[in-house]
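# Reading the structure
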Amino acid sequence: MSATRYTYLGPAGTFTEAALRTLPEAATRELTPVASVSAALDAVRAGEAAGAMVAIENSVDGAVTTTSDELINGSPLMIYREVLLPISFAVMVRPGTTAGDVKTVSGHPVAQPQVRHWLAANLPDAQWESAASNAEAARLVQEGRYDAAVAGAFAAELYGLQVLSDEIHDVASPTTRFVLAGRPGRVSSATGWDKTSMVVWLPDDHPGALLELLQEFAVRGINLMRIESRPTGEGMGNYCFLIDCEGHLSERRVSEALMGLKRICPQVRFLGSYPRADRGTASPLRNGTSDLDFATAADWLSRCLDGRGEL
Ligand SMILES: O=C(O)C(=O)C[C@]1(C(=O)O)C=C[C@@H](O)C=C1
């Protein structure tokens, strides 16, 4: 495999592939479908791929925990880009199959909670069968293993299937957030509309430990965008936190917050600073938290050391 390649959850026709193809650089990369999120990231870890596109959270079903656990454990990875993809599910069958013929319906486990009510109302007797991806479900229907698949309508054409019903998701406008992960490398420059991700392990178990951690952001006027707890696997009640905050590591308020965490937490894993996918302009900074405010205060401090603090 080559290190110019990007891997993604395959086979062809997944939403993950659609997310990957929204990146301008995808046009010049070799895009390789693999069987799982873990396989996509393993190829990156082994140096066989430059990046892997993986789903990280869904607006209906929440965190994609395989991705969370891959980012938390194993050799470190960094996030370089994020993509927000509107998801629209269709149910598809082999040509000639009618709704009455459908006894089994397959899809990715993250798809099921997004279409549960539609399935209960329209295919009440069909048994749900999990597949490694939505496109894999479509492929298995083509093979004759299952009767119907829940996938993006574009997968129907790829696998010679017929769309029985489109836009079958229960909640309007579901969105999945995907990230392009690579091996740790140089953080790209700030755009003014950035996000920083990290994993933080709680300071030892005591009242207010989580509050102490959150205060590092609050006192520096940093908006948190997501906080997700995951078990560390080291006994009941032991959790670490995946945190996304506004801002870029090159901003003083963000770097100072990360240094604050590093001082009080047993472990902090920096997962990258990258442009936000939701469009916008630079967020207003809370008074006293700009780079200039930090530099002015540091200047004053060094003058204090020289006995010139009043200047
Ligand atoms: O990329 C796909 O099509 C997938 O099967 C994966 C995945 C996911 O892991 O979240 C992607 C988007 C949908 O929300 C459901 C499933």
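Residues numbered from 1 in each chain as written. Predicted model: local features only at pLDDT ≥ 70, side-chain atom pairs only at ≥ 80, totals over all residues. Heavy atoms only, no water.

## Some words on the sheet that holds strand β14 (residues 239-246)
Working definition: the strands of a sheet are paired by backbone hydrogen bonds and lie parallel or antiparallel to each other. To keep things clear, this is the line we draw: In short, DSSP must find at least two bridges between two strands for them to pair. We count a stretch as a helix when DSSP gives it H or I for four or more residues in a row; a strand needs E for two or more, and each element gets its number in order from the N terminus. Axes, fitted as lines to C-alpha atoms, cover a helix only where it is in contact. Angles between the N-to-C directions of the axes lie from 0 to 180 degrees. Whether two residues are in contact is decided by their heavy atoms, any of which lying within 4.5 Å being enough.
In space, the four strands of this open sheet follow the order β13-β14-β12-β15, with antiparallel pairing throughout. Both outer strands of the open sheet, β13 (224-231) and β15 (267-275), are each paired with one neighbouring strand and no more. The mean angle between the axes of side-by-side strands here comes to 15 degrees, regardless of whether they run parallel or antiparallel. For β13 and β14, the ladder comprises seven bridges, and the chain directions are antiparallel. Its bridge partner being in β14, P231 is matched across the sheet by Y239. Helix α7 (residues 209-218) contacts β12 (194-201), β13 and β14 of the sheet and is inclined by roughly 15 degrees relative to β14. Packing against the sheet, helix α8 (residues 252-264) makes contact with β12, β14 and β15, and its axis sits at approximately 5 degrees to β12.

## Topic: the packing of aromatic side chains
Stated formally: Two rings from Phe, Tyr or Trp (for Trp, the six-membered ring) form a pair when their centres are within 6.5 Å of each other. A pair whose planes differ by under 30 degrees is stacked, one over 60 is edge-to-face, and the rest are tilted. For every residue, the accessible area (1.4 Å probe, protein chains only) is compared with the maximum for its type, and the residue is labelled buried under 20%, exposed over 50%, or partly exposed between those bounds.
Applying the stated criterion across every chain yields a total of two aromatic pairs. For the pair F15 and F89, a centre-to-centre distance of 5.4 Å together with 90 degrees between the ring planes defines the contact as edge-to-face. Here F15, found in helix α1 (residues 15-21), pairs with F89, found in strand β6 (residues 89-93); they are 74 residues apart in sequence, far enough to count as distant. Of the residues examined, F89 reaches a relative accessible area of 2% and is grouped as buried. Ring centres 5.5 Å apart and planes at 85 degrees place the aromatic pair F15 and F154 in the edge-to-face group. Linking F15 in helix α1 with F154 in helix α6 (residues 154-158), this pair joins segments that are 139 residues apart in sequence. With a relative accessible area of 7%, F15 lands in the buried category. A relative accessible area of 39% places F154 in the partly exposed class. Of the aromatic side chains, those joined through ring pairs into one cluster are F15, F89 and F154.

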